[in-house]
Structure formats: structure tokens, C-alpha cells
Amino acid sequence: MIPATFEYKRAQTVEEAIQWLGQYGDEAKVLAGGHSLIPSMKLRLSRPAVLIDIGRIEALRGIREEGDVLAIGANTTHAVIASSPLVEAHANVLSQSAGSIGDVQVRNVGTIGGSLAHADPAADYPAAILASEAVIVVQGPQGKREVRAEDFFVGMFTTALEEQEIIVEVRVPKGSNGVYLKFKQPASRFALVGVAAVKRGGGVNVGITGASDTPYRAKAVEQAYPQEGVEAAKYAAEGVEMLEDHFATAEYRAHLARVLTRRALEAL
Amino acid sequence: MGKYIGKSVYRVEDDRFVTGKGKYTDDIVLPGMVYVAFVRSPYAHARILSIDTSQARAAEGVVGVFTGEDECGQYGVPCGWQVNFKNGETMREPKQPLLAVGKVRFVGEPVAVVVAESMAQARDAAELVQVDYEELPAVVDPKAAMEPGAPLVHDEFPDNAAFDWCLGNDRAEVEAALANAHHVTELRYRQNRLAPNAIEPRSYIADYNAVEDKWTLYTATQNPHLIRLLLCAFTLGIPEHKVHVVSYDVGGGFGSKIFHYREEALVTWLSKQVGRPVKWTADRSEAFLMDCHGRDHVVHARMGFDAEGKIVAVLADEYCNMGAYLSTFAPAIPTYLHGTLFQGLYTTPLIHVNVIAPFTHTTPVDALRGAGRPEATYLLERLIETGAREMGMDPVEIRKKNFIPPFDGVETPGYQTQVALQYDSGNYEGALNKLLSIVDYEEFRAQQEAARKEGRYLGIGFSTYIEACGIAPSAVVGALGARAGLYEVGHVRVQPTGKVSVYTGSHSHGQGHETTFAQIVADMLGISIDDVEVVHGDTEKVAFGMGTYGSRSLAVGGSAIVKSVEKILEKGARIAAHKLECAVEDLEYSEGKWTVKGTDRSVSFGEVALTAYVPHVYPQGEEPGLDFSSFYDPVNFTYPFGAHAAIVEVDVETGKVQILRYVAVDDVGNVINPMIVDGQVHGGVVHGIGQALLEEVVYDSDGQLLTGSYMDYTMPRADDVPFIETDRTTTPCPHNPLGVKGVGEAGTIASPAAIVNAVVDALWPLGVRDIQMPLTPLRVWQAIQKASNGGSQV
Amino acid sequence: MKVSITVNGREYTHEVEPRMSLAQYLREVLRLTGTHIGCDTSSCGACTVLLDGSAVKSCTVLAVQADGREVTTIEGLARNGTLHPIQQAFKEMHGLQCGFCTPGMIMTAYEILKQHPQPTEEQIRHGLEGNFCRCTGYHNIVRSIQRAAELMASNA
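## A short note on the interface of chain B and chain A
With 17 residues of chain B in contact, the opposing surface of chain A contributes 13 residues. Looking at the side of chain B that touches chain A, the elements that each hand over two or more residues are α3 (119–126) and α18 (777–788) of chain B. The biggest single contributor to the side of chain B that touches chain A is α3 of chain B, with three residues. Residue composition of the side of chain B that touches chain A, grouped by class: ten nonpolar, three polar and four charged.

## Describing the nonpolar core
In this structure, Val-195 of chain A together with Val-36, Val-114, Val-521 and Val-759 of chain B are the most contacted members of the largest nonpolar core, which totals 415 residues. Counting residues per element, this core draws most heavily on helix α17 (residues 746–763) of chain B, at twelve residues. In this view, Val-195 of chain A contacts Ala-127, Leu-181, Val-206, Ile-208, Ala-257, Leu-260, Thr-261 and Ala-264 of chain A; residues no more than four positions away in its chain are not counted.

## Things to note about the domain arrangement of chain B
All names here are of chain B. The domain boundaries assigned to chain B delineate domain 1 (15–136 + 200–251 + 257–290), domain 2 (297–472 + 636–788) and domain 3 (487–632). Put simply, the middle of domain 1 and the middle of domain 3, counted by C-alpha atoms, are 39 Å apart. Taken residue by residue, the interface counts 14 residues in domain 1 and 13 residues in domain 3. Of all elements in the fold, only α5 (224–236) and β11 (243–246) reach the threshold of two or more residues within the side of domain 1 that touches domain 3. When residues of the side of domain 1 that touches domain 3 are assigned to their parent elements, the largest contribution, four residues, is made by α5. Class assignment for the residues of the side of domain 1 that touches domain 3 results in seven nonpolar, five polar and two charged.

## Things to note about the packing of α5 of chain B against helix α6 (residues 262–274) of chain B
When two helices pack together, their arrangement is given by the angle between their axes and by how far apart the axes lie. Residues and elements named next belong to chain B. Where α5 contacts α6, the axes come no closer than 11 Å and their chain directions differ by 70°. By the angle between their axes, α5 is roughly perpendicular relative to α6. Side by side, α5 and α6 meet where Ile-227, Leu-231, Thr-235 and Leu-236 of the first sit next to Glu-264, Ala-265, Thr-268 and Trp-269 of the second. Looking at side-chain class alone, the contact of α5 with α6 contains five nonpolar, two polar and one charged residues.

What counts and what doesn't
Here the residue numbers are simple positions, counted from 1 along each chain's written sequence. Whichever chain is written first becomes A and whichever ligand is written first becomes 1, with later ones labelled in order. Only residues with pLDDT of 70 or above have their local features reported here, since the model is predicted, and side-chain atom pairs are shown and tallied only from 80 upward, although totals for entire chains, interfaces and linings are computed over all residues. Any residue pair is listed as a contact if its two C-beta atoms, each placed from the backbone, are within 7 Å. For the purposes of this entry, the term helix denotes a DSSP run of H or I that reaches at least four residues, the term strand denotes a run of E that reaches at least two, and both are numbered from the N terminus. Residue polarity follows a fixed list, in which Ala, Val, Leu, Ile, Met, Phe, Trp, Tyr, Cys and Pro are nonpolar, Asp, Glu, Lys and Arg are charged, and the others, Gly among them, are polar. Joining buried Ala, Val, Leu, Ile, Met, Phe, Trp, Tyr and Cys residues through C-beta atoms within 7 Å gives a set, and that set is a nonpolar core. For the exposure call, what matters is how many other C-beta atoms sit within 10 Å of a residue's own: 20 or more marks it buried, 12 or fewer exposed, and in between partly exposed, using C-beta atoms placed from the backbone. What counts as a domain boundary in this text is fixed by an automatic or database domain assignment. Orientation is described by lines fitted to C-alpha atoms, with helices fitted over the stretch in contact, and by angles between N-to-C directions that extend from 0 to 180 degrees. If an angle is under 35 degrees, it is roughly parallel; if it is over 145, roughly antiparallel; if it lies from 65 to 115, roughly perpendicular; otherwise it is oblique.

See the structure below:
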């Protein structure tokens, strides 16, 4: 119930945070909204000696139109993304996934940067991030770099973030409207399977979360879609190892992936 | 009746709750208080080789660290109900030490306790206690625990059975009737294990006063006096008058706060040991490990029918998990609160139930809302509906064929069952008819058929239930092994200015007694409800009472209060007669006044009260004062009953069940506050929906708890359920003065069967016959797959 | 670490351990025990308060994160002894039994009604996803929030 003791440092700027990350190495963790980190610390599954709070860095907040991209600051909360008219107009697959995270209270505090960095395999954003081909902007001691969505999620709770890097922004291409469908794990309400589908050109992008240890683009579906249309959903689990747990066998998860993909494609 | 009874009076409790001024045990802070953290076993079964507390003792803020090797290890918490083997052998009762000695027998069993100046320091130090274990094989399934070679939970016994019990008609007769029946319906299933999850975690504060050599124990309990008795007489051996138990507001119980737990006794012992007030409040994770679980029966049940669909026999064989130790009421739950309900609402002539109750390496199992009766109703209602479908009969018609005809217990005698109990009053067909008029059954069947043509699967399921509550007649339960009486106390004190204080042994933890008991007293006395206060939860204010559980408070607690008010009215009449210079027989009491019949000469309740305390002009030989206490021991259980229906839609692609409609018709006898009764039905029904669709405690084969938090244990949420439609019939209880029966558990008893019957009804055309609770989307989907591949049961 | 938090309109300054949650701060330091703790996985919502006007789970927010900000707890809703319409509605509609989840429910209701002053039943039930009740079956809680919407509309 009570975390282990830690030292608390409040960063005024991203650079300051990065410098401390360098100083403390893997003894330190970054705090934005804290709604993935703090629960883990309360159960003492995570015990950082130092917590670097970036939650007050204003530069990391906000949603801006930049040409044909929406630039979303890493500290933007799920509630703001879910209700943003800009996101609704240009990338509603992201607002749909944001609106399905946790509950009202969690959405008021949790941030997109924090959620993406944590990379829970059952999180909601990854499906939408992949389907919209978003770009994640990270900053380290050498400056900023851009990571494509499909390169960002590397494994369970593992991303392409290097040791001293922090997510600063998510850049979502406009024209990323679509459908996000989620089958909720009944207890945690995380995604047992979550499918985001976005029309792109004559085809479709499909991002799937919750089904495997890493969220993925359902390439087999995308490739078959121009010929088979909605029927292409049957390839949703192809070539991917499904997770197995108390709520879903691998077989059932694969089945859900196919069903949700089909329903998402039908709704597009 | 009067101004208040039968009306939905707003609750007096609510002002403090809606403003955050409730006083729950964890809210209490005492000067010098220290905090406790437990070190708990990570293994389901292990030998304790050594415990090293030296680092913990040296940690910052630590006041003391104790293990089973200290004096507290000599003490153990008792079991309060003895159920012996059917062959006469005594029930096997292992010692349940406050801290594990030598061995641990379930994950979470407390092994050491750390006391420190702050909660955080106690937690930090607890991590420094080093325990060396030798892991041993474990068994978690109650049936597997009885297999030869199963790991033994308690070495002093030859096998894992706590007892092997049966009830009902002669088994051979019942088996013969089944063998000769026109049709037998058979079900094998597990009654899923549940965690109670009152939202307030358990909390205890013990404050030992060395000057008075007396403890005050603040506890989140459903029954303060019972705790005091068990703690003093059975656990710590303290003189009973030396412990003052105080329980203010309690945030839900559902059975889990009845029991006398080890932590409660330890905190009490620790307070004297360290000479400071000691507090412990459970984490939710600890609650999952330590708060007694419910249900967990492995069931083989059969129901035999004749050609007309009349039930000829019911036979059930069950393995009912006790967990690693016997908790306070545990043996009674699958026996005398379960087998005794196997008559149901039906005229079944032959019934036999056999229960083997094994120990396993799991959390102890005890009463959880419904306590034995949901299990009985589920068994009967699944069997009768499945039987109807198998025989091509309508599930409503088959029930009507089998219902016991109406009886009121006054003109027509109570119904004697084959399983010990005698029902008090009932009109079962009346409740079902009322349900059908609300549900429009014909219309639904038409909708169902139309939907099937569109590939949508709707289903309707019924549950006609009866339960035994208002526990209980002391002599009866004593003969059945209870080690306590189950009466209640009601003390009514009138003050000189006519204000009334009611001291009840019942202990509301959400039921609204402060309002409903005041309604009764105010109406009987014809005074304003604002002039009545209800006091509960304090062993120094209230004489011995047995507490609130088993839907007993109104039937037993309320009746005790009625008796005392009657005594007050009786004495008041004598005082009034003296004042009015007439005979007592000349008076009538109404609207708060004694009036000489046929005149307008009267004297008010208030005037009589003042006279009783200022007895200047007063009947000779009459004592001053207007203050009476009564103990009420019911002559029988009470038997609420009802008919529920659930209408569901199943998404056969995903297995997700949506409840479209839930209708509950309940007969709880007379109703004091309809709003409160409806609230109990809503809550009870949703709790049962939780069992049917969502909740399950799961252990792996090593006894590790896989569902130890809300991340894995599914609680019902607001978007899981619709509004619950409620209605009532009223068949008064003939044997208590209020004519009430009790409602707290009724919803939980009825709803699982209604839900599962509905899902099976929806999926019957696909070949599905039974699905194991909880009906998670996975299980429903698997059942559909299996049925379409030729199998029919999951 | 020193924190200054405005709670129910009054500013408090205390030295706290960084690991202290806002819920603990409210309950243990300020002795505002109306905010309750019911779980350890940020699931049950009994600890819900308003942080800068928005509902949050105070068990999952560190006191240091609330530094310099405004908190409203259940104790801060009633004004001069007059119940807030949401509190009044819960009382009228029997939206509580044991009362333990109630402060959190009421604070979340505040948020729901802020987002949807005339909420549908679905919006209410969905809005309550992060609040558990074991007693009421949610029936009367939903009715209470519907009633609160009526009361607040007629006050406006």
C-alpha cells in the first residue's frame, strides 16, 4: 500500500530531467501522471530510489496543428485527448482509444507520454498509434529524435526509448479517423484485445493491442483487404503469438482479434 | 399502521455519510498509537524452518516484532459451530494459532507481526523479517483433497475431512426413487469461490489501559458482543468485563466481518504487550488473502421427475471446501444453512444431501451473503429448469406443478419439510404470478423467436427461491451444533422528557436500522421519529446481542424491541390509569395518548414519561422509571421467498452476456421501509450477478492466489447491470410480532440461478446445456464451441 | 519535502515524505477522514476527490504532486450547512447504504455532471466505471445522479 522510500526531484525543464536521468541511471524513474508507475510502486513491484517529476513542464502539454500533423505534448492527459475537437476532427481513432482508458478519474491524470513509455501490452493507445502511423518524438542528451510507431513498441513493457530518453511529443498524421474497438478484460478493464482501424489510401491500417506481448500492425489483414475487404479480418492473428491468461486462452484471443477486426472494418 | 411503518422514510444515517462525517474504525486516531504490519506466508504449505527478526527489530521506528514463538503463539481463534460426522465421530477441529507455529497452511497466513510508530515504518520493517521455509505440496480442490495420497493439511488427522455429514430421507430410498423415475436430470458443477469485498477493509484498534487493566477494542464488525465473548472466553482468556468493544460505522460486511479473526486477537494482545494503542487496517491484497471466502462446493446433483413433471426425489453429493482452518461459523454453512433448504418451494417427497467438508491449503471459507442458501437455490433451480427443457416442458409450468400450496401458518399450518425445517408461511404461486404479470412471458417468447431468426440469442431464466433466515431459534441451532444462542436484545429507555433511546444488539452496517427501528418505536408509541434514537455497536451501552447477519435484524432484533415497547406501554397504561383515576381496562392507546374510552379525558405519552421519573403522584408499589430490556429468541427461522426472472442477450461471437432486464418479486412479509427493502434487493441481486457472470477466486495447483487484486478479481460495476425492477407480495410471518421475514440476502440467493438459466435458455438451440459459473465471455464462448462440436457441458 | 495545498478553500503547509499519497495526507495530516481508502490497485474510487476541479483518485496521486494546487474533498461540498444538490439527491434516492463508497461516488458524480449536465443512464453508468459499490447494486446511485441533475438544473 505504501511505496518504498524515494527521493523526489521536480524538473523545471526536459533538459534538467534528462540530466538527472544520466546522473541516477536505472535508480531513477520518470513521473508524469504516475497512473502506471504509482500503482506499481504501492505494491512495491517497482522501487526507484529517485523519482523525477516532469508533470509540471508546461512545454510538454497541449495539442497543436502543425501542417498535416497533430502535435500532442507528452504530458497531455487522456481526458484532454479524448475530448479535443482537433483530435476528434483529424485523428479520432486516438480520441476513441484515449476515452476508453481506465475510468474518468484515471483519464484526468494519466498522460499519453507516460502510457506509451510504460508500454503495457494491454494498453489502449498502441493500437491507435500504430494504425495512424504516428511518430513519437523522444529527447535525450544528444537532442531530439523521431521514432516511427512501428519501431517504438519492442516487447512487453519495452520500448525503443534509450537510457536517458524521455518522450516529449506524439505526432499524429491528420486523416487518421477510424474505429477503435476494445474487448475489455472484465476485472482490470484493460484491453484483452483492442483493434484500431484507419483507412489509408485505398487500403486500411490495422493496429492490434492486448493480444500479444507487443502491439502490432496486422499486416496480413492490410495486405488482403484490397481483395477480400472485411473478410480479410480472418488474418488478424496470423503469424502472431497470442497471450494466454486467466481471462483468455490463446485460441480465444485469436478469435477475438478476428471478430473485433471484422467489426472494425465493417464500421469503417 | 401509523405514520412511519410502511413508508420510505429518509435515513437518519445519511447526513453524516454524505458529508464524509461517518466514523469508520480506520478514521480513529488515539494518542500514542502504533501501527502493525504482518509478515505473511508466500507458500500454501510449508514448514517454517527459522524466522530472523533481528534486522526488523533494529529498523527505524520499530517498537516490537513478534512471531508464533512468542506468547501470542499459544492462543488460537475458535470455531463456533460443531458439525460431527454422520457416523458419530467428532468434528475435527485443528488449532488456529494467532501466528503460525511450525507450519503454514495457506498463502497469506500470518507468520510474524511488526509494530512501529508509523504505518510506513511498519511496512518497511516487515520486509526485513527473514523467514526460511521448506515448501511442501499443496492441495486446493476440495474433491482432490479427499483422494488417497492427497497432501494432508493437518497431520493430526487421518485425512482431510473436517466432517462427513448428511441430511434428509434415507439415501437408499432416494436412490431407488431416482432409479425408478421417469426422467432424471443430472448436473455436475462447481459453486465458484467468492471473495466478500466489502469496500471498507477490516480495521482494528486495541487500547489497553494499564491503570484500569481494561481494553477498548475498536473493530469493524457485524457483531461486537460475539467478538467480545469469543476474544475473552475462547481466545485470550481475558475476563469478559475487561474488554469494551466499540464499533461505530462499518463499511459493509456481507458476512466477512462476522468472524473473529486472528488479527483482531493479536492487536488486542499487542496493545498490552507494548503498552500503546495498536492499529491495523488491511490492504485490499491482504483482504483477498485473509477475509474468509465463500461458497467453493464441488457438486453432483440429481433430480428425478415423474411423467407429469412432478419431482420425485433430489439427491446431492458435495465436497464443500473449509479452507485450511475452521472459521467461526464455517461448518454450518454447507450443512444446516444449506441442506435444510433442499425442499425449496416444492413438494419433493424424498431428499438426501451428503456433504464432505475437506480442509485444503487455501483461505478459510465461511458465511458470505446467503451463506449456504444461494448454493441450495442454484442447485434446485438449475435442476428444475434443465429438467423442464430436457422433458420439453415449460419452465414456468413445471414449477407451478411442484409448488407447495399456499399456507399462512395461522389458519393453515406451517409446512414441514423433509429436511428438518418447518416453513412459516408462503404463497409461492402468488409470487410467480406477480412476476409473470410484470415480465409478459408470452411476449418475450415471441421476441426470442424473432430474434433467433435474425441470429440474435435472447434468453429468459427464472429463479423461484425460498430461504431460511431471521436466525435463529437457539434450542434448534444448539441441537444442530451451534455453540451460541441466536436471540437478540432490545432495550428501550424512555427519558423524563419523553425522548426514547433504543439500544439494540443488532449492528447496522448499511441496513439503516437507525431509521427503521426508530420507525417502529415511533409508530408504536405514537411519537415523532425525531424523538427516537437508535444506539448500537457498543458492548457497554448494549446488553448482550448477537449482531447483524443472516437477515435477522428486523425479525429478531426488531421483535426484541417490540417486546420492550409493549412492556413500556403496559407500565405506561398503569401510570396513566392512576393519573386518570380509572381502571387500566378503561383505557385505549392511540396517537401517543391514553384516552378513557368514550370520553375525551386523556394523558400523553410525554406526561406519563415525566411522571415515571418524577413520581410524586404515582401508583403504589409501582417502581419509578420507564425502561425495559427484552431478549427475543425466535421460535423458528423466517422464510422469505420470491420469483425472479432475468432476460439476457448473448453475443455468441464473443460470449459476452448482457442483462437486458432483471425483475424481482420478493415476499419478505411485512415491510417497514419500502425504499430500504428495495435497496437490499438491488444490492443482493447485483451481488449474485457478480457470482453468476464475473467473480471467482482462483488458486493455481501450488495454492498461489491468482486473483489477489481487483486487476484479476472482477467486481460488478455500474455498467455491468441494468436497473433492477422490484415488486412484492406480502405474506406476513406468523410467529414474530412485526410479521417480518428479512431481505438482506434474498437477492443474492435468487439471482445466480436466474442468470445462468437465462443464458442456457438463450443457447439451448446451439446445444449448450450447462456452463460453469462465472459465465465469463471465455467460458460462454467455449461452451458454444464445445456444443457445436458435439459436447454439451463446460 | 514541503508542500502547500489548498483544501476546501484553505491553504495548508506541511512537511511530508514524498511517498505519502494525497489520500493519506488528507486523512492522516489534515484529519479529513471523509475520503476513504478501499483498495491498493487504483480500482475502487472510494478515494476520489477533486484536484483543480477534476475528479482524481487521491490514493494514486502523491501529495507532492498536489503541491500548489486546489483540492476539494467531500467535506468541502456542503456550504454553510446546506447540502450540495448531489448530497441531497443521494439522501432522497437512497443512493447509499453503508456509506463507505459514498464520498468517492459523490465526487465522481460531480465530475460526470460537469461533463454532462443532463446525462443519459449510459453516461452515468460509464462514468462510474472507476467507483465500486458492494451494497446498492448501483441502482439508486444512478437514480441519485439523475435526481442531482434535476436539482442542479432547477437551481441554475
